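Spelled out, the chains give:
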Amino acid sequence: MQVSETLNEGLKRGYEITITGAELEAKVNEKLEEARPEVEMKGFRKGKVPMALLKKQFGPRVLGEAMQETVDGAMQGHLEESGHRPAMQPEVKMTNDDWKEGDDVVVSMSYETLPEIPDVDFKSISLEKLVVSPAEEDVQEALKNLAESAQNFVTKKGKAADGDQVVIDFLGKVDDEAFEGGAGEDYPLVLGSNSFIPGFEEQLIGLKAGEEKNVEVSFPEEYGAEHLAGKAAVFECTVKEVKKPAPAELDDELAKKFGAEDLAALTGQVEERLKAELSGASRAVLKRKLLDALDEAVSFELPPSLVDAEAGQIAHQLWHDENPEVQGHDHPEIETTDEHKSLAERRVRLGLLLAELGQKNEVEVTDAEMTQAIMNQARQYPGQERQFFEFIQQNQAAQQQLRAPLFEDKVCDFIFELADMTEKEVTQDELKAAVEALEEE
């Protein structure tokens, strides 16, 4: 087998691999000999079939396997010997199209190798961490919002308005016949909640306690009960009480509604949540500062194929952001711009740098961290957590999508520990402005 270089420009590499006919035949014979003890053929004992018959019966299939294994072995051997790490899957193709059995196999292989990543002096990186604690008024405002979200309803005099709660008795009829599931007593209905059939709640607006009304509606055509779908119905309704919304009191009872032992415990939980939110925002600003510093400090040649692929993804994502009504990929070809390419170069440079730093410093995402990430993601699919978990376990690409940001954050944490870090106390408004500035860049 012979490997000769055909291209060496920047990160681009090209090679011609020649596998002699004799080498290929030897590989075929080796594979047939391995299989021979298990082969049975009429007229011969198991394992005693002559090689000539084995070649005639299985030769063509084994030849293809031998050719693929030999080429793959040659590629792997070359990469191990050269130390090259292809940026993407090498392009491999057979060049002698008129090949016939017994001829040498000539294969071309081309790829872009990953660049040498320069070392980084982490202590030379100066970072400023924004520190902010939730003010007492912010905690109280958050508690107030919780109380409003857990609003109560108190009896009111006068007519029911949108947003009020009416306590009603109702009896539904289709063609003057009551139907199953169409009746209720002392039912609390919030007007405007759209929890009843379309058109029902609006007809109760303006009624007072003690008043009656026949509400005329039609069941939707796609209604779950087929015998009612599309049918006109009349609901005989009696309004027994009208209530207006009122915020819940900030007390121990409210705390228990949110799973806390008392108001003091709920206040502590709210304060911790606000601290976590502020810490997350501060970290986002700090991480951007770190990435900006690394981008300025390190420069190296980038594989064009990675940059082009990333620029294409950026352009595609931005196009969909601007055209949210288009869900699939049935749209005009999206061209990349210099702006897309510039952003792609930054992402590829930082991605390669962080990957190299993580590998050199043995940064790893643990199984426990990965499991926690999957569980957090699964919560977005209530009732389907198990199916989501199984999907991730069986899908390597999906696992990598979850693992990549975890790995990146752990590498950043590693650098934070070694960088020249100072802290600056700021107000929530100053932190908010810093976060908004990130979004504008």
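Values in this document were obtained by computation on a predicted structure and should not be read as measured data. (Residues numbered from 1 in each chain as written. Predicted model: local features only at pLDDT ≥ 70, side-chain atom pairs only at ≥ 80, totals over all residues. Heavy atoms only, no water.)

Moving on: the pattern of salt bridges. Using the criterion set out here, one finds 24 salt bridges in the structure. Across the pair Arg349 and Asp295 runs a salt bridge, and its minimum N-O distance is 2.8 Å. Taken as a pair, Arg349 in helix H7 (residues 338-360) and Asp295 in helix H5 (residues 263-297) lie far apart in primary sequence, 54 residues in all. For Arg349, a relative accessible area of 16% gives the class buried. In this structure, the salt-bridge partner of Glu310 is Arg347, at a minimum N-O distance of 3.3 Å. Of this pair, Glu310 sits in helix H6 (residues 304-322) while Arg347 sits in helix H7, and the two are 37 residues apart along the sequence. What emerges from the salt-bridge pattern is a single network uniting Arg283, Lys287, Glu408, Asp409 and Asp413. (Salt bridge = Lys/Arg side-chain N within 4 Å of Asp/Glu carboxyl O. Helix = DSSP H or I, 4+ residues; strand = E, 2+ residues; numbered from the N terminus. Buried < 20%, exposed > 50% of the residue type's maximum accessible area, 1.4 Å probe, protein only.)

Okay, the packing of aromatic side chains next. All chains considered together, the criterion is met by 13 aromatic pairs. On the basis of an interplanar angle of 90° and a centroid distance of 6.0 Å, the ring pair of Phe179 and Phe235 is categorised as edge-to-face. With Phe179 in strand S8 (residues 177-190) and Phe235 in strand S10 (residues 232-246), this residue pair connects regions lying 56 residues apart in the sequence. Of the residues examined, Phe235 reaches a relative accessible area of 5% and is grouped as buried. Linked through ring pairs, Phe170, Phe179, Tyr187, Phe196, Phe200, Phe219, Tyr223 and Phe235 together constitute an aromatic cluster. (Phe/Tyr/Trp six-rings, centres within 6.5 Å; stacked < 30°, edge-to-face > 60°.)

Turning next to the packing of H5 against H7. Direction vectors running N to C along H5 and H7 enclose 95°, while the axes themselves pass 10 Å from each other. The orientation of H5 relative to H7 falls into the category roughly perpendicular. Of H7, the residues touching H5 (which contributes Arg288, Leu291, Asp292, Leu294 and Asp295) are Arg346, Arg349, Leu350, Leu353 and Leu354. (Axes fitted to C-alpha atoms, helices over the stretch in contact; angles between N-to-C directions. Parallel < 35°, antiparallel > 145°, perpendicular 65-115°, else oblique. Contact = heavy atoms within 4.5 Å.)

Purely geometric stuff here, so don't read any function into it on its own.
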